[in-house]
Amino acid sequence: MAADDVEALRARWRDTLVAARDAARGAGPGAEPGAEPGAEPGPYGENLIARWGEAHRRYHDRAHLLAVLDHIDTLHPHADTPHLVRLAAWFHDAVYAPDRSENEERSARLAERALPEAGLTQEATAEVARLVRLTITHDPADGDTNGEVLCDADLAILAAPPDAYAAYAAAVREEYAFVPDEAFRAGRADVLRQLLALPRLFRTEYGATHWEPLARENLRTELDLLT
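Conventions used here
- Residues numbered from 1 in each chain as written.
- Predicted model: local features only at pLDDT ≥ 70, side-chain atom pairs only at ≥ 80, totals over all residues.
- Heavy atoms only, no water.
- Helix = DSSP H or I, 4+ residues; strand = E, 2+ residues; numbered from the N terminus.
- Rg over C-alpha atoms; globule rule 2.2 N^0.38 Å.
- Buried < 20%, exposed > 50% of the residue type's maximum accessible area, 1.4 Å probe, protein only.
- Lys, Arg positive; Asp, Glu negative; His and termini not counted.
- Charge placed at Lys NZ, Arg CZ, Asp CG, Glu CD.
- Phe/Tyr/Trp six-rings, centres within 6.5 Å; stacked < 30°, edge-to-face > 60°.
- Lys NZ or Arg CZ within 6 Å of the ring centre and 35° of its normal.
- Salt bridge = Lys/Arg side-chain N within 4 Å of Asp/Glu carboxyl O.
- Contact = heavy atoms within 4.5 Å.
- Expected span 1.5 Å × (residues − 1).
- Polar contact = N/O pair within 3.5 Å; in protein donor to acceptor, adjacent residues only side chain to side chain.
- Axes fitted to C-alpha atoms, helices over the stretch in contact; angles between N-to-C directions.
- Parallel < 35°, antiparallel > 145°, perpendicular 65-115°, else oblique.
- Left-handed = near helix turned anticlockwise from the far one by under 90°.
- Nonpolar A, V, L, I, M, F, W, Y, C, P; charged D, E, K, R; others polar.

Thoughts on the overall build of the protein
Item 1. Within the protein one finds eleven helices and zero strands.
Item 2. When the helices and strands of the protein are read in sequence order from the N terminus, they spell out α-α-α-α-α-α-α-α-α-α-α.
Item 3. Over its C-alpha atoms the protein spans a radius of gyration of 18 Å, differing by no more than 12% from the 17 Å that the globule rule assigns to 227 residues.
Item 4. Relative to its 227 residues, the protein shows a buried fraction of 46%.
Item 5. Of note, the protein has its 24 positive side-chain charges centred 4 Å away from the centre of its 40 negative side-chain charges.

So, in structure tokens, the structure goes:
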């Protein structure tokens, strides 16, 4: 990722955290942004950016984080508290090891430790952690608008143009390079079948309209190639 993109991530982190702190304490339009006590956002952002830049990441990297944030910008009118959804995006794969199954739980716990220190209320922190844990299943309850936005934004790669989708699938394979080919193909095919069996991949109106058809086509194509 280019230095300019990293700098853009720093700015987006700071803006998101300050906005979330202001919203959580009910700051009115005339209040000075970030005036309430709270730790300087910078070190928390640097820690997260470093995590997202770990060498073993091939798909779950800074480019993925930036893409999810961009998708949330598209979907944010659907969310109840979009600033918290954006914070959840920052944390949702902050802990990521392909050979471990508790990444989402560990990421949620990281949020639970860091966000109160950074000045977020316990209630807002709990919502961010809940959203991070929701990315285990990507199955938000009906009416969970925050969850719907985060899950749709995280899955939006499924609706990428075919070449970009192929690059995504190849990057996922690289992350699981330690898994033998036959086992990977079987496991990946199971994941694709589970996704295709869902009545809806995307819960927001925008996602259902703009992303669902191409996502299903991409999934079927990859499944055919694997099997």
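Next comes the rest of the description.
Description of the packing of aromatic side chains
Item 1. Within this structure, the stated rule accounts for eight aromatic pairs.
Item 2. Look at Tyr 176 and Phe 178: their rings are 5.8 Å apart centre to centre, the planes differ by 40°, and that puts the pair in the tilted class.
Item 3. By relative accessible area, Tyr 176 is classed as partly exposed at 25%.
Item 4. Judged by centre distance (6.3 Å) and plane angle (40°), the ring pair of Tyr 176 and Phe 184 falls under tilted.
Item 5. Here Phe 184 falls in the buried class, since its relative accessible area comes to 11%.
Item 6. In this structure an aromatic cluster arises from ring pairing among Trp 13, Trp 90 and Phe 91.
Item 7. The ring of Trp 52 carries Arg 57 above its face, with NZ or CZ at 5.1 Å from the centroid.

Overview of the pattern of salt bridges
Once their charged atoms are close, side chains differing in charge can pair, the charge on each being opposite to the other.
Item 1. Applying the stated criterion across every chain yields a total of 19 salt bridges.
Item 2. Note that Arg 216 is salt-bridged to Glu 212, the shortest N-O span being 2.9 Å. Taken together, the residues Arg 216 and Glu 212, both in helix H11 (residues 212-226) and four residues apart, mark about one turn of the helix.
Item 3. A relative accessible area of 14% places Arg 216 in the buried class.
Item 4. Of the residues examined, Glu 212 reaches a relative accessible area of 11% and is grouped as buried.
Item 5. When salt bridges that share partners are traced, they join Arg 12, Asp 70, Asp 73 and Arg 86 into one network.

Section: the environment of Val 149
Item 1. With respect to the helices and strands, the residue Val 149 is situated in helix H7 (residues 145-155).
Item 2. Residue Val 149 is classed as buried on the basis of its relative accessible area, which comes to 0%.
Item 3. Excluding its chain neighbours within four sequence positions, the residues that come into contact with Val 149 are Ile 72, Leu 75, His 78, Ala 79, Val 85 and Thr 204.

What to know about the environment of Leu 131
Item 1. Along the polypeptide, Leu 131 turns up in helix H6 (residues 122-134).
Item 2. With relative accessibility at 0%, the residue Leu 131 sits in the buried group.
Item 3. Sequence separation between Leu 131 and Ala 2 is 129 residues; the distance between their C-alpha atoms is 29 Å.
Item 4. Beyond its immediate chain neighbours, meaning those up to four positions away, Leu 131 contacts Leu 84, Val 85, Ala 88, Asn 146, Gly 147 and Leu 150.

Focus: helix H3 (residues 62-75)
Item 1. With 14 residues, H3 should cover 20 Å at 1.5 Å per step; its first-to-last C-alpha distance of 20 Å lies within 8% of that length.
Item 2. When we look at burial in H3, the residues that qualify are His 64, Leu 65, Leu 66, Val 68, Leu 69, Ile 72 and Leu 75.
Item 3. Close packing links the buried residues of H3 with helix H1 (3-24), helix H2 (41-52), helix H4 (82-91), H7 and helix H10 (205-210).
Item 4. Regarding H3, its N-cap is Asp 61, as a side-chain oxygen of that residue lies 3.2 Å from the backbone nitrogen of Ala 63 further along.

Here's the deal with the side chain of Glu 127
Item 1. Its location among the elements puts Glu 127 in helix H6.
Item 2. A relative accessible area of 18% means that Glu 127 is categorised as buried.
Item 3. At 2.8 Å, the side chain of Glu 127 forms a polar contact with the side chain of Arg 130.
Item 4. Residues within four places of Glu 127 in sequence aside, it is in contact with Leu 84 and Asn 146.

Some details on the packing of helix H5 (residues 103-117) against H6
Item 1. Between H5 and H6, the least distance of the axes is 8 Å, while the angle of their chain directions is 165°. Accordingly, the angle class assigned to the pair H5 and H6 is roughly antiparallel. For the crossing formed where H5 meets H6, the hand is right-handed. Between H5, through Glu 104, Glu 105, Ser 107, Ala 108, Arg 109, Ala 111, Glu 112, Leu 115 and Pro 116, and H6, the contact on the second element is made entirely by Gln 122, Thr 125, Val 128, Ala 129, Val 132 and Arg 133.
Item 2. Classifying every residue of the contact of H5 with H6 gives seven nonpolar, three polar and five charged.

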